[in-house]
Amino acid sequence: WPRTLFSAVLPPLGAFGIQALFSSFVPRWALLYPAVFLSSWLGGFGSGVTATVLSTGVVWWYLVPPHGSLVKSDPRYVVAALVFVVMGVLASALQGRLRRLNREAAIALEGSRRTTEELRHVVDERRIFAALIENSSDFIGIAAANGTPTYLNPAGRQMVGLDPDLPMSSTKILDYYPPEVRDFATNVIMKEMLEKGHWQGATAFRHW
């Protein structure tokens, strides 16, 4: 609130002081317009509106004849004051919206930066994980739920005698088991994998 208050008060009072000194040479509302714009730029909508009201009051009381009176004889003074108020409120509203959009953009940018860092961290972890799998001496394979293999690490290919460049999609899970084990693989291993998410036990693969 101190920033909002100072932003609302200091520019109009400074502009009014300069305006009072050069009132014979400068139109009475001329310097108050940039003062309101500055207030709204520094403090947002609330500061701009407060600066508009304050500027209108001091100019109306001290610079618009007859001085020191709320009632002015010339209606043109009223029109000029109304134009100033409308312009001040509009400028404050636009500046407030701009500040809000900038704040939202900054928040979105920070969120995007955090997301990018998280994605980079995930990518690094996946790269390390992939390197471990690729260089593991264990048989590590991945298959879809329909029984189509999608990946087999180099050690696994070597264990079962598959060429390094053979597309895994050209094989089926049951192709890796000897004929006498395929019923067990279908009714026990694959069934429990699909129903429970895991199977633990010992079995044999055929060599291609």
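In case you missed it, the structure is sitting above this.
Residues numbered from 1 in each chain as written. Predicted model: local features only at pLDDT ≥ 70, side-chain atom pairs only at ≥ 80, totals over all residues. Heavy atoms only, no water.

Quick notes on the overall build of the chain
At step 1: In terms of helices and strands, the chain carries six helices and two strands.
At step 2: Reading the helices (α) and strands (β) of the chain from amino to carboxyl end gives α-α-α-α-β-β-α-α.
At step 3: The C-alpha radius of gyration computed for the chain amounts to 39 Å, which surpasses the reference 17 Å derived for 208 residues by more than 25%, pointing to a less compact arrangement than a globule.
At step 4: Projected onto its principal axes, the C-alpha coordinates of the chain cover approximately 110 × 30 × 30 Å. (Helix = DSSP H or I, 4+ residues; strand = E, 2+ residues; numbered from the N terminus. Rg over C-alpha atoms; globule rule 2.2 N^0.38 Å.)

Quick word on a nonpolar patch on the surface
At step 1: Together, Val 79, Val 83, Val 86, Met 87 and Leu 90 make up an exposed nonpolar region whose accessible area comes to about 430 Å².
At step 2: Tracing the chain through its elements places Met 87 in helix H4 (residues 75-135). (Patch = residues over 30% accessible without salt bridge, like charges linked within 9 Å, V, L, I, M, F, W, Y side chains within 5 Å. Areas by Shrake-Rupley, 256 points an atom, 1.4 Å probe, with all protein chains shown as cover. Salt bridge = Lys/Arg side-chain N within 4 Å of Asp/Glu carboxyl O.)

Let's talk about the packing of aromatic side chains
To describe a pair of aromatic rings, you give the distance between the ring centres and the angle between the ring planes.
At step 1: Summed over the entire model, instances satisfying the criterion amount to five aromatic pairs.
At step 2: Between Phe 139 and Phe 205 the ring centres are 4.8 Å apart and the planes differ by 55 degrees, which places this aromatic pair in the tilted class. Remark: Phe 205 occurs in the segment after helix H6 (182-196) and Phe 139 occurs in the loop between H4 and strand S1 (141-143); sequence separation between them is 66 residues.
At step 3: In this structure an aromatic cluster arises from ring pairing among Phe 139, Tyr 176, Tyr 177, Phe 205 and Trp 208.
At step 4: Positioned over the ring face of Trp 208 is Arg 206, at 4.5 Å from the centre of the ring. (Phe/Tyr/Trp six-rings, centres within 6.5 Å; stacked < 30°, edge-to-face > 60°. Lys NZ or Arg CZ within 6 Å of the ring centre and 35° of its normal.)

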